[in-house]
Amino acid sequence: MEHLMRLNPQPFEMIKSRQKTIELRLYDEKRRKIKSGDIIKFINSETGSYIVCQVSKLHIFSSFAELYNNLPLLRCGYTEEDIGAADAKDMDEYYTPNEQKKYSVVGIELNLLSC
């Protein structure tokens, strides 16, 4: 199955360069359809360009705090420069605490196929 997701330019470029291999999302109805082996086409929200990735694994957690304690954050979009300030509350900018509690969260492990 193929899925479509939009990404801001910075995380888009990090996945494209293989620096980021785990995409963090709310585990809502849309993401619950994603299975290992599926294809995700990520579209850059500013340029419209896209990359194609295959899902290798789903990491499902009850909260971003739990996810942050269990996954390597350098693979989740942080860099050596900002890893010291990494905080699960960073994800509140994208998903409210109520949404996180209602749906849980997922780290989607990716293999870049084409750009």
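Residues numbered from 1 in each chain as written. Predicted model: local features only at pLDDT ≥ 70, side-chain atom pairs only at ≥ 80, totals over all residues. Heavy atoms only, no water.

Caption draft 1: Here's a closer look at the environment of methionine 14. Looking at the element boundaries, methionine 14 is found in helix α1 (residues 9–16). Taking C-alpha positions, methionine 14 is 25 Å from serine 62, a pair spaced 48 residues apart along the chain. For methionine 14, the residues in contact, after removing those within four places along its chain, are Gln19, Lys20, Gly77, Tyr78 and Thr79. (Helix = DSSP H or I, 4+ residues; strand = E, 2+ residues; numbered from the N terminus. Contact = heavy atoms within 4.5 Å.)

Caption draft 2: Structural detail: unusual backbone geometry. In this structure, arginine 18 is a non-glycine residue whose phi angle is positive, near 65°. Its relative accessible area of 54% is what places arginine 18 among the exposed residues. Even without being glycine, serine 104 reaches a positive phi, approximately 75°. As for its position among the elements, serine 104 is in the loop between α3 (97–103) and β5 (105–114). (Buried < 20%, exposed > 50% of the residue type's maximum accessible area, 1.4 Å probe, protein only.)

Caption draft 3: Quick peek at the packing of aromatic side chains. Applying the stated criterion to the full structure yields two aromatic pairs. Taking the centre distance of 6.2 Å and the plane angle of 15° together, the rings of phenylalanine 64 and tyrosine 95 count as stacked. Highlighted residues: phenylalanine 64 in helix α2 (residues 64–70) and tyrosine 95 in the loop between α2 and α3, separated in sequence by 31 residues. For the pair shown, phenylalanine 64 and tyrosine 95 are each scored as buried. Plain terms: the ring middles of tyrosine 68 and tyrosine 78 are 5.9 Å apart, the flat faces sit at 80° to each other, and that makes the pair edge-to-face. Taken together, the residues tyrosine 68 in helix α2 and tyrosine 78 in the loop between α2 and α3 connect sequence positions 10 residues apart. Judged by its relative accessible area of 10%, tyrosine 78 is buried. (Phe/Tyr/Trp six-rings, centres within 6.5 Å; stacked < 30°, edge-to-face > 60°.)

Caption draft 4: Up close: α1. Within α1, burial applies to Phe12, Met14 and Ile15. Taken down its axis, α1 places every buried residue within 165° of arc, on the same side. Buried positions along α1 lie against β1 (2–7), β2 (22–26), β3 (39–44), β4 (50–61) and β5. (Arc of directions from axis to C-beta.)

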